[in-house]
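So the chains spell out like this:
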Amino acid sequence: AKGEITPEQLRAVEDKAITEIRNLLTENQGPEDLLAGSLERRLKQELDIFRARTGFKLDFQCAIDTHNLPTAIERELYFTLREGILNAVRHSRATELHLSLTKTANGCEARLRDNGEGFDISSTEGSTHYGLKGMRERIRKVGGEFALQTAPGKGTEIKLTIPFKSLRYQ
């Protein structure tokens with residue numbers, strides 16, 4: 001029907017939005033420029049950009065004081081979650097994205113969930129599919145655990161659990 005957007009047109013808009021976002025991010029902040037304590041603000045900014053460009057329903061809950069996060073943990077969380085958000089927009093055909101950061105007894109937990117089409121995890125074994133390998137490595141680097149739950153037609157949930165060895169975060 002006239003006025004309807006084809007899947008190809010939607011994909012082109014998504015690709016353009018992702019390219020713009022990647023450009024904005026690389027222009028504005030190299031890894032060395034990430035200010036300590038700015039994790040929540042940066043994630044909010046990115047989600048706002050996605051919301052404006054894609055019309056996604058985005059929900060972000062932050063129940064930790066990101067100002068006190070050890071810098072290395074903040075950096076790896078940021079890049080891992082950013083990759084997860086980009087993947088959801090680019091690959092999942094989702095319309096909703098839920099991100100939460102919470103404090104646990106001995107660290108923090110981040111959950112990123114979408115209502116997209118999901119995928120068969122076994123199809124990603126041994127590959128760098130959706131950048132999952134890099135995300136896993138980032139979280140392992142700071143002593144954390146990366147868990148992925150997904151299946152075709154079931155959406156995707158990524159759960160990151162990071163213990164704090166540092167007593168600074170109490």
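Refer to the structure printed above.
The following paragraphs examine the structure supplied in this document. (Residues numbered from 1 in each chain as written. Predicted model: local features only at pLDDT ≥ 70, side-chain atom pairs only at ≥ 80, totals over all residues. Heavy atoms only, no water.)

The next thing to look at is the overall build of the protein chain. Scanning the protein chain for helices and strands turns up four helices and five strands. Secondary structure elements in the protein chain, listed N-terminal to C-terminal, are α-α-β-α-β-β-α-β-β. The burial tally for the protein chain puts 42% of its 170 residues in the buried class. Carbon together with sulfur atoms contributes 49% to the accessible area of the protein chain, which is approximately 9,500 Å² in total. (Helix = DSSP H or I, 4+ residues; strand = E, 2+ residues; numbered from the N terminus. Buried < 20%, exposed > 50% of the residue type's maximum accessible area, 1.4 Å probe, protein only. Areas by Shrake-Rupley, 256 points an atom, 1.4 Å probe, with all protein chains shown as cover.)

One number sums up the size of the largest pocket: a volume of about 240 Å³. For the largest pocket, the full set of lining residues is Pro7, Leu10, Arg11, Val13, Glu14, Arg53, Thr54, Gly55, Phe56, Arg93, Ala94 and Thr95. Residue assignment for the lining of the largest pocket shows that the elements contributing at least two residues are helix 1 (7-28) and helix 2 (39-54). With five residues, helix 1 is the single largest residue contributor to the lining of the largest pocket. (1 Å grid on protein atoms, 1.4 Å probe; cavity = no way out; pocket = protein on both sides within 12 Å on 5 of 7 lines; lining within 4 Å. Points joined across faces, edges and corners; volume = space filled by probe spheres on them.)

A general tendency of soluble globular proteins is for nonpolar side chains to be buried together. Ranked by size, the top nonpolar core spans 37 residues in total, and within it Leu43, Leu77 and Leu81 carry the most contacts. Elements that contribute at least two residues to this core include exactly helix 2, strand 1 (57-63), helix 3 (71-91), strand 2 (96-104), strand 3 (107-114), helix 4 (132-141), strand 4 (145-150) and strand 5 (156-163). Other than its neighbours up to four places away in sequence, Leu81 contacts Leu43, Leu99, Leu101, Ala110, Leu112 and Leu160. (Core = buried A, V, L, I, M, F, W, Y, C linked by side-chain atoms within 4.5 Å. Contact = heavy atoms within 4.5 Å.)

Our next topic: unusual backbone geometry. One non-glycine residue, Arg93, lies in the positive phi region at around 55°. Tracing the chain through its elements places Arg93 in the loop between helix 3 and strand 2. On the basis of relative accessible area, Arg93 is assigned to the exposed category, the value being 52%.

What follows deals with helix 2. If you check helix 2, its first and last C-alpha atoms are 22 Å apart, about what 16 residues at 1.5 Å a residue would give, namely 22 Å. Every buried residue belonging to helix 2 is among Leu39, Arg42, Leu43, Glu46, Leu47 and Phe50, and all of these are buried. Along helix 2, the residues classed as buried sweep out an arc of 130° about the axis, all on the same side. Two residues or fewer past helix 2, Gly55 is found with a positive phi of approximately 75°. (Expected span 1.5 Å × (residues − 1). Arc of directions from axis to C-beta.)

Now for empty space enclosed by the protein. For the coordinates displayed, the defined rule picks out two cavities of 30 Å³ or more. Looking at the largest cavity, its volume works out to about 170 Å³. Around the largest cavity, the lining comprises 16 residues; the ones closest to its centre are Asn87, Ala88, Asp114, Phe119 and Thr156. Those elements giving two or more residues to the lining of the largest cavity turn out to be helix 3, strand 3 and strand 5. Grouping the amino acids of the lining of the largest cavity by side-chain chemistry returns eight nonpolar, six polar and two charged. (Nonpolar A, V, L, I, M, F, W, Y, C, P; charged D, E, K, R; others polar.)

In short, geometric facts, not functional conclusions.
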